[in-house]
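# What the coordinates show
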Amino acid sequence: MTGFDRAIERTLDAWRVRREEEVAYDQYTAELYVGERSRSGHGKGMRAVLHAAFTAALADYCLQQRRSHPGFIVLDSPLVTFREPGEHEADLRQSVPQHFYRHLLNAFRGQAIVVENTDPPSDILDQAQVYMFSREAHGQRFGFFPLTSSSSPAQ
């Protein structure tokens, strides 16, 4: 197991993603494996979390080792479809998102931009720069780029 594989495992462990097998990255096929199962062999929620963990671990590893990296990551909807296997209790479902956000806020060496369809935990709202978007032009923030006087919202 290489240091990069361990970095992914540490990230998944910090996020409290349940796994019983080792994580490995195959540089020749550009595929991430949990045990014998490739990332593509998992459901869409686990695929998204594994991709986010890979992205965060790679950035963190590069920043720690002083390797070339822009210093930020962008994660698009990493949690919206994630469910722990065999999970039935709502409290357990909230565990991974809470640890995900807290890890990025407190332990991640770079800057993380997370575009997500669910709200982060309330304690994160007080500590992180959070922008809520709205479809309403006069509601919360409308779109990623602010409206100018020459632009109007798309209908």
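Just above, that's the structure.
Residues numbered from 1 in each chain as written. Predicted model: local features only at pLDDT ≥ 70, side-chain atom pairs only at ≥ 80, totals over all residues. Heavy atoms only, no water.

## Digging into the sheet that holds strand 3 (residues 37–38)
- Taken together, the 3 strands give an open sheet; going across it, the order is 1-2-3, and neighbouring strands pair in antiparallel fashion. Of all strands in the sheet, those with a lone pairing partner are strand 1 (23–26) and strand 3, marking the two edges.
- Taken together, the 2 bridges between strand 2 (residues 31–34) and strand 3 define a ladder with antiparallel strand orientation. Following the sheet pairing, Val34 is matched in strand 3 by Arg37.
- Packing of helix 1 (residues 3–14) onto the sheet brings it into contact with strand 1 and strand 2, and relative to strand 1 it is tilted by some 135°. (Pairing = 2+ DSSP bridges. Helix = DSSP H or I, 4+ residues; strand = E, 2+ residues; numbered from the N terminus. Contact = heavy atoms within 4.5 Å. Axes fitted to C-alpha atoms, helices over the stretch in contact; angles between N-to-C directions.)

## Looking at the nonpolar core
- Counting residues in hydrophobic clusters, the biggest one holds 28 residues, and the most contacted among them are Ile8, Leu12, Trp15, Val17, Val49, Phe100 and Leu104.
- When contributions to this core are tallied by element, the ones reaching two or more residues are helix 1, strand 2, helix 2 (44–64), strand 4 (72–76) and helix 3 (90–106).
- Ranked by residue count, the leading element in this core is helix 2, at 9 residues.
- Setting aside anything within four residues of it in sequence, one finds Val17 in contact with Leu12, Met46, Val49, Phe82, Glu84 and Val96. (Core = buried A, V, L, I, M, F, W, Y, C linked by side-chain atoms within 4.5 Å. Buried < 20%, exposed > 50% of the residue type's maximum accessible area, 1.4 Å probe, protein only.)

## Things to note about helix 1
- Along its 12 residues, helix 1 runs 16 Å from first to last C-alpha, staying within 8% of the 16 Å computed at 1.5 Å per residue.
- Within helix 1 the residues assigned to the buried category are Phe4, Asp5, Ala7, Ile8, Glu9, Thr11 and Leu12.
- At the exit of helix 1 stands Arg16, carrying a positive phi of roughly 65°. (Expected span 1.5 Å × (residues − 1).)

Scope: geometric values only; no functional claims are made or implied.
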